[in-house]
Amino acid sequence: MRLLLLSVGVISTILGFVGAFLPLLPTTPFLLLAVFCFARSSDEFHNWLVRTKIYKSYVQEFYERGGYTLKKKFQLLLSVVIVVGISIYLVDNIYIKIGLSVMLLMQAIVLFTVIKTLDK
């Protein structure tokens with residue numbers, strides 16, 4: 001079981017780190033899964049992950065407090081809008097543009113309605 005949790009943790013960490021740079025991959029869920037797996041399989045990997053800059057930027061507040069501040073939500077949304085906006089601009093296929101636009105809208109809806117907004 002320990003090896004399985006460790007393997008899932010490593011794969012989730014890789015996907016989470018890639019997701020920090022590619023807006024189509026979600027960073028936070030993968031890193032939450034990784035920290036869960038590492039907490040049950042390896043203190044070394046767990047301690048390493050929670051010290052990384054990406055974990056602290058994307059996950060720590062959500063993991064510890066169950067949501068994001070309004071300022072953090074706008075920061076996260078802005079980064080996604082910039083990257084997806086560039087993709088929408090560069091793609092020639094109208095269906096892909098529509099799909100990316102719908103994805104962006106859904107991300108904004110989830111961010112502001114499903115995820116709890118924290119006071120400072």
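A quick note: this is a predicted structure, and the numbers were derived from the prediction, not measured.

Each value, and the rule that gives it
- Residues numbered from 1 in each chain as written.
- Predicted model: local features only at pLDDT ≥ 70, side-chain atom pairs only at ≥ 80, totals over all residues.
- Heavy atoms only, no water.
- UniProt positions renumbered as here; feature names shortened; annotations may be inferred.
- Helix = DSSP H or I, 4+ residues; strand = E, 2+ residues; numbered from the N terminus.
- Expected span 1.5 Å × (residues − 1).
- Buried < 20%, exposed > 50% of the residue type's maximum accessible area, 1.4 Å probe, protein only.
- Contact = heavy atoms within 4.5 Å.
- Core = buried A, V, L, I, M, F, W, Y, C linked by side-chain atoms within 4.5 Å.
- Domains from an automatic or database assignment.
- Buried area = accessible area lost by both parts, 1.4 Å probe.
- Salt bridge = Lys/Arg side-chain N within 4 Å of Asp/Glu carboxyl O.
- Polar contact = N/O pair within 3.5 Å; in protein donor to acceptor, adjacent residues only side chain to side chain.
- 1 Å grid on protein atoms, 1.4 Å probe; cavity = no way out; pocket = protein on both sides within 12 Å on 5 of 7 lines; lining within 4 Å.
- Points joined across faces, edges and corners; volume = space filled by probe spheres on them.
- Nonpolar A, V, L, I, M, F, W, Y, C, P; charged D, E, K, R; others polar.
- Patch = residues over 30% accessible without salt bridge, like charges linked within 9 Å, V, L, I, M, F, W, Y side chains within 5 Å.
- Areas by Shrake-Rupley, 256 points an atom, 1.4 Å probe, with all protein chains shown as cover.
- Axes fitted to C-alpha atoms, helices over the stretch in contact; angles between N-to-C directions.
- Parallel < 35°, antiparallel > 145°, perpendicular 65-115°, else oblique.

Moving on: the UniProt feature "transmembrane region" (unreviewed entry) in the chain. UniProt records the feature "transmembrane region" (unreviewed entry) at residues 74-91 and 98-115, using the numbering of this structure. A helix fraction of 94% and a strand fraction of 0% characterise residues 98-115, whose end C-alpha atoms lie 25 Å from each other.

Right, let's get into helix α2 (residues 27-41). Taking 1.5 Å per residue as the helical rise, α2 with its 15 residues ought to reach 21 Å, and the 21 Å between its terminal C-alpha atoms agrees with that figure. Thr27, Thr28, Leu31, Ala34, Val35, Cys37, Phe38 and Ser41 are the residues of α2 that are buried. Where α2 is buried, its residues meet α1 (2-19), α3 (43-51), α4 (53-58), α5 (60-65) and β1 (67-69).

Let's shift gears to the nonpolar core. Core analysis: the largest hydrophobic core is formed by ten residues, namely Leu6, Ala20, Leu31, Ala34, Val35, Phe38, Leu49, Ile54, Tyr55 and Val59. At the level of secondary structure, the elements contributing two or more residues to this core comprise α2 and α4. Of all the elements, α2 adds the most residues to this core, at four residues. Listed in part, the six residues of the second largest apolar core include Leu76, Leu77, Ala108 and Leu111.

Glancing now at the domain arrangement of the chain. Where interface size is quoted, it is often the accessible area lost as the parts come together. Under the domain assignment used here, the chain contains domain 1 (1-66) and domain 2 (67-119). Each of domain 1 and domain 2 has a C-alpha centre, and these two points are 21 Å apart. On the side of domain 2, 15 residues touch domain 1, which itself brings ten residues to the contact. Taking both partners together, domain 1 and domain 2 bury about 990 Å²; carbon and sulfur atoms supply 55% of that area. The tally of links between domain 1 and domain 2 comes to zero salt bridges. The interface formed by domain 1 and domain 2 includes five residue pairs in polar contact (both at pLDDT 80 or more).

One number sums up the size of the largest pocket: a volume of about 580 Å³. Lining the largest pocket are 24 residues; nearest its centre among them are Pro26, Thr27, Thr28, Val80 and Gln107. Mapped by element, the contributors of at least two residues to the lining of the largest pocket are α2, α6 (70-90) and α7 (94-114). Across the lining of the largest pocket, the residue classes break down as 19 nonpolar, five polar and no charged.

We now examine a nonpolar patch on the surface. A contiguous nonpolar patch, built from Val10, Ile14, Val18, Phe21, Leu22, Phe45 and Trp48 and spanning about 650 Å² of accessible area, is present on the exposed surface. Of all elements in the fold, only α1 and α3 reach the threshold of two or more residues within the nonpolar patch. If one sorts the elements of the nonpolar patch by residue count, α1 sits on top with three residues. With respect to the helices, strands and loops of the structure, valine 18 is situated in helix α1.

On to the packing of α6 against α7, then. Two numbers describe how α6 lies on α7: the axes approach to 10 Å, and their chain directions differ by 175°. Relative to α7, α6 is oriented roughly antiparallel. Packed against α6, whose contacting residues are Leu70, Lys73, Phe74, Leu77, Val80, Val81, Val84, Ser87, Ile88 and Tyr89, the element α7 presents Lys97, Leu100, Ser101, Met103, Leu104, Gln107, Ala108, Leu111 and Phe112 at the interface. Taken together, the residues that form the contact of α6 with α7 break down as 14 nonpolar, three polar and two charged.

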